[in-house]
Amino acid sequence: MRPDLFQAPDYYLLDELLSDEHKMVRDAAREWVKREVSPIIEDYAQKAEFPKQIINGLAEIGAFGPYIPEEYGGAGLDQISYGLIMQEIERGDSGVRSTASVQSSLVMYPIWKYGNEEQRMKYLPKLASGEFIGCFGLTEPDHGSNPGGMVTNFKDKGDHYLLNGAKMWISNAPFADIAVVWAKDETGRIHGLIVERGMEGFTTPETHNKWSLRASATGELIFDNVKVPKENLLPNKSGLGAPLGCLDSARYGIAWGAIGAAMDCYDTALRYAKERIQFDKPIAGTQLQQKKLAEMITEITKAQLLTWRLGVLRNEGKATSAQISMAKRNNVDMAINIAREARQILGGMGITGEYSIMRHMMNLESVITYEGTHDIHLLITGLDITGIPAFK
C-alpha cells in the first residue's frame, strides 16, 4: 500500500477566493480521505464492494446534505463548500462521491425542496447522520436520456397508492433504506414518492460485473404492486422539472468532483515523472512529458475557475441548468483526458492497482455518462444558445 502523498494543485491561487470556512471544510474532507479512503479503496475496488464502514465518516465531514439547514440535521453550508467536499471525496474515489452525491442532491434535496415539514423532520436528520441511506429512482431500462418516457406508474387506491415499474443503474440501491422514486400518476403527470425498504413488493437486486465504479453499490429498483402510503407523496412540486431540479444539484457536485479525480491523476503523474529515471534523467525533463503535464495543469486550472464561478452563481440563485450542464460536461471530459494522459506517463505501472490512475479512468467512464451523457449536455448548451432543441 502506497502512502497518500497528494498535494492539491492551485496554479492560479484560487485559495485566495475561498473563505476561511471553505478552506476548513475542504481540509477536513481532504484529511479524512487520506486517512480513511486512500488506504482501503484499491482493495474495495478490486473486490467490487462498497466500504460501508465509511458511512459514519462521510456524515461527520458533512458530506450528506451539507447545504441542508441545520434544523433538519444538515450543516447549513453554502454551495462552494458542497462543491469542495465533493472534490475531495472524488479525489479519493468517484464511487464514494457518488454515494454522497446521491444522498445529498437526489434524496435529501427533493425531500427538503418538494416535501412537507413532516417528511423533512422524519427523514432528513437520519439521512444527514448516515443512519438512513437513500437512492434516487429515475432511469429506467428503456428510458435514460428521455426520462419523460418513463413507464413506472402509480394508481390511487383510496387509502394508498399502488406502484408498479422498474428503475435501473441506481447508486446505493442494494442497501438503501429509502428511495425517492419518480413515477406517473393516472393522468401521466410525474410525481416523487418516498418508498421504504420493507414495503411488500419492493426489491433492489444488485448489478454485478461492472468495470467502473466498482467501489460503489449499484442496483435496480423493482416495484410489484407496492402499496405506498399517501403521506409519502412529495407534495410541493410535480412534472419532469422536479427530478431535473435534483439533477441540477447533483451535476453541480459532479463538476467539482471531477476536478478531484483529475487532480489526483495529475499529482500522481507529476510525482512519478520527477522520480522515474530514463536515459540518465527524470522523464519530467523531457519535452513530451512536460507537454502532457503542462496541459493537465492548464485544464485543471480552467475547470477550477469555471466551477468556482458557478458556485458563486449558485450561492446567488443565478446559476442556470444550462450553465451547470456546461460545467459537468467540460470537467468530466477534462478529467477523463487527464487520466488517460497520466496513465501514459506512468507507462506499464499506470495499469496497476499500486496507483490510482486506472481506477479513476474506469470510474470516469461512468461519470461521463450518468446524470446526462456527454452528448446530451452538449445539446443542452446548443439549445440554450440557439433556442432550437436538437434532441431528436
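Residues numbered from 1 in each chain as written. Predicted model: local features only at pLDDT ≥ 70, side-chain atom pairs only at ≥ 80, totals over all residues. Heavy atoms only, no water.

1. What to know about a nonpolar patch on the surface
Together, Tyr-11, Tyr-12, Leu-17 and Leu-305 make up an exposed nonpolar region whose accessible area comes to about 450 Å². Structurally, Tyr-11 is set in the segment before helix 1 (20-47). Since its relative accessible area comes to 60%, Tyr-11 is described here as exposed. (Patch = residues over 30% accessible without salt bridge, like charges linked within 9 Å, V, L, I, M, F, W, Y side chains within 5 Å. Areas by Shrake-Rupley, 256 points an atom, 1.4 Å probe, with all protein chains shown as cover. Salt bridge = Lys/Arg side-chain N within 4 Å of Asp/Glu carboxyl O. Helix = DSSP H or I, 4+ residues; strand = E, 2+ residues; numbered from the N terminus. Buried < 20%, exposed > 50% of the residue type's maximum accessible area, 1.4 Å probe, protein only.)

2. A look at the UniProt feature "domain: Acyl-CoA oxidase/dehydrogenase middle" (unreviewed entry) in the chain
Here the UniProt feature "domain: Acyl-CoA oxidase/dehydrogenase middle" (unreviewed entry) sits at residues 135-226. Structurally, residues 135-226 comprises 0% helix and 48% strand, and the distance from its first C-alpha atom to its last is 17 Å. (UniProt positions renumbered as here; feature names shortened; annotations may be inferred.)

3. Regarding the pattern of salt bridges
Going through the model one piece at a time under the given rule, you end up with 20 salt bridges. Where Arg-91 meets Asp-4, a salt bridge forms, and the shortest distance between an N and an O atom there is 2.8 Å. Taken together, the residues Arg-91 in helix 3 (residues 79-92) and Asp-4 in the segment before helix 1 connect sequence positions 87 residues apart. Overlapping salt bridges bring together Asp-4, Arg-91 and Asp-264 as one network.

4. Examining the environment of Gln-103
Along the chain, the position of Gln-103 falls in helix 4 (residues 94-114). Each C-alpha atom of the pair Gln-103 and Gly-65 lies 7.1 Å from the other, and the pair is 38 residues apart in sequence. If near-sequence neighbours (up to four positions away) are discounted, Gln-103 is found in contact with Phe-64, Met-108, Leu-127, Phe-132, Ile-133, Gly-134 and Asn-172. Of note is the side chain of Gln-103, whose polar atom sits 2.8 Å from the backbone oxygen of Phe-132. (Contact = heavy atoms within 4.5 Å. Polar contact = N/O pair within 3.5 Å; in protein donor to acceptor, adjacent residues only side chain to side chain.)

5. Thoughts on helix 4
When the local axis directions of helix 4 are compared, the greatest deviation, roughly 35°, occurs at Met-108, which is followed within four positions by the proline Pro-110. The buried count for helix 4 comes to 20 of 21 residues, which makes it a mostly enclosed element. Here helix 4 starts with a cap whose side-chain oxygen sits 2.8 Å from the backbone nitrogen of Gly-95, and that cap is Asp-93. (Bend = angle between axes of the 7 residues up to and from the residue.)

6. Section: the nonpolar core
Counting 64 residues, the largest nonpolar core has Ile-89, Ile-111, Leu-127 and Trp-182 as the members making the most contacts within it. Broken down by element, the residue count for this core peaks at 10 residues, all from helix 4. Those residues in contact with Leu-127 that sit more than four places away from it in its chain are Phe-64, Gln-103, Val-107, Met-108, Ile-111, Phe-132, Ile-133, Gly-134 and Ile-178. Formed by 36 residues, the second largest nonpolar core is a distinct cluster that contains Leu-213, Ala-284, Ala-339 and Tyr-355. (Core = buried A, V, L, I, M, F, W, Y, C linked by side-chain atoms within 4.5 Å.)

7. Brief notes about the environment of Leu-18
Considering the arrangement of structural elements, one finds Leu-18 in the segment before helix 1. For Leu-18, a relative accessible area of 12% translates into the label buried. If we skip the residues at most four places from it in the chain, Leu-18 touches Lys-23, Arg-26, Ile-80, Leu-84 and Trp-308.

8. Regarding unusual backbone geometry
Located in the positive-phi region is Leu-13, a residue other than glycine, with phi close to 55°. Positive phi is not limited to glycine here, since Asp-280 has a value of about 70°. Along the polypeptide, Asp-280 turns up in the loop between strand 8 (277-278) and strand 9 (281-282).

9. Re helix 5 (residues 117-129)
Here helix 5 is 13 residues long and its end C-alpha atoms lie 18 Å apart, about the 18 Å a rise of 1.5 Å per residue gives. Tyr-123 marks the point of greatest bend in helix 5, at about 30°, and the proline Pro-125 comes within the next four residues. Here helix 5 has its buried residues at Gln-119, Arg-120, Tyr-123, Leu-124, Leu-127 and Ala-128. On its buried side, helix 5 packs onto helix 2 (55-60), helix 4, strand 1 (134-137), strand 4 (178-184) and strand 5 (190-196). Its side-chain oxygen placed 3.3 Å from the backbone nitrogen of Glu-118, Asn-116 serves as the N-cap of helix 5. (Expected span 1.5 Å × (residues − 1).)

10. Topic: the pairing of strand 7 (residues 218-229)
The sheet contact formed by strand 3 (residues 160-171) and strand 7 spans 9 bridges and is antiparallel. The partner of Gly-165 across the bridge, within strand 7, is Phe-223. The sheet contact formed by strand 6 (residues 202-203) and strand 7 spans 2 bridges and is antiparallel. Directly across from Phe-202, in strand 7, lies its bridge partner Phe-223. (Pairing = 2+ DSSP bridges.)

11. Some remarks on the packing of helix 6 (residues 241-275) against helix 9 (residues 357-367)
As a packed pair, helix 6 and helix 9 sit with axes 10 Å apart at the nearest point and diverge in direction by 155°. For the element pair helix 6 / helix 9, the angle class is roughly antiparallel. Once helix 6 is placed against helix 9, the crossing between them reads as left-handed. When helix 6 is examined against helix 9, the residues Ile-254, Ala-261, Asp-264, Cys-265 and Thr-268 are found in contact with a partner set consisting of Ile-357, His-360, Leu-364 and Val-367. (Axes fitted to C-alpha atoms, helices over the stretch in contact; angles between N-to-C directions. Parallel < 35°, antiparallel > 145°, perpendicular 65-115°, else oblique. Left-handed = near helix turned anticlockwise from the far one by under 90°.)

12. What to know about the side chain of Thr-301
In this fold, Thr-301 is placed in helix 7 (residues 287-315). Exposure remark for Thr-301: the relative accessible area of 5% places this residue in the buried category.

13. Here we look at the packing of aromatic side chains
Overall, the coordinates contain 14 aromatic pairs when judged by the stated rule. Look at Phe-202 and Phe-223: their rings are 5.5 Å apart centre to centre, the planes differ by 10°, and that puts the pair in the stacked class. Placement of Phe-202 in strand 6 and of Phe-223 in strand 7 is noted, with a sequence separation of 21 residues between them. The ring centre of Tyr-44 lies 4.1 Å from the NZ or CZ of Lys-47, which sits over that ring. (Phe/Tyr/Trp six-rings, centres within 6.5 Å; stacked < 30°, edge-to-face > 60°. Lys NZ or Arg CZ within 6 Å of the ring centre and 35° of its normal.)

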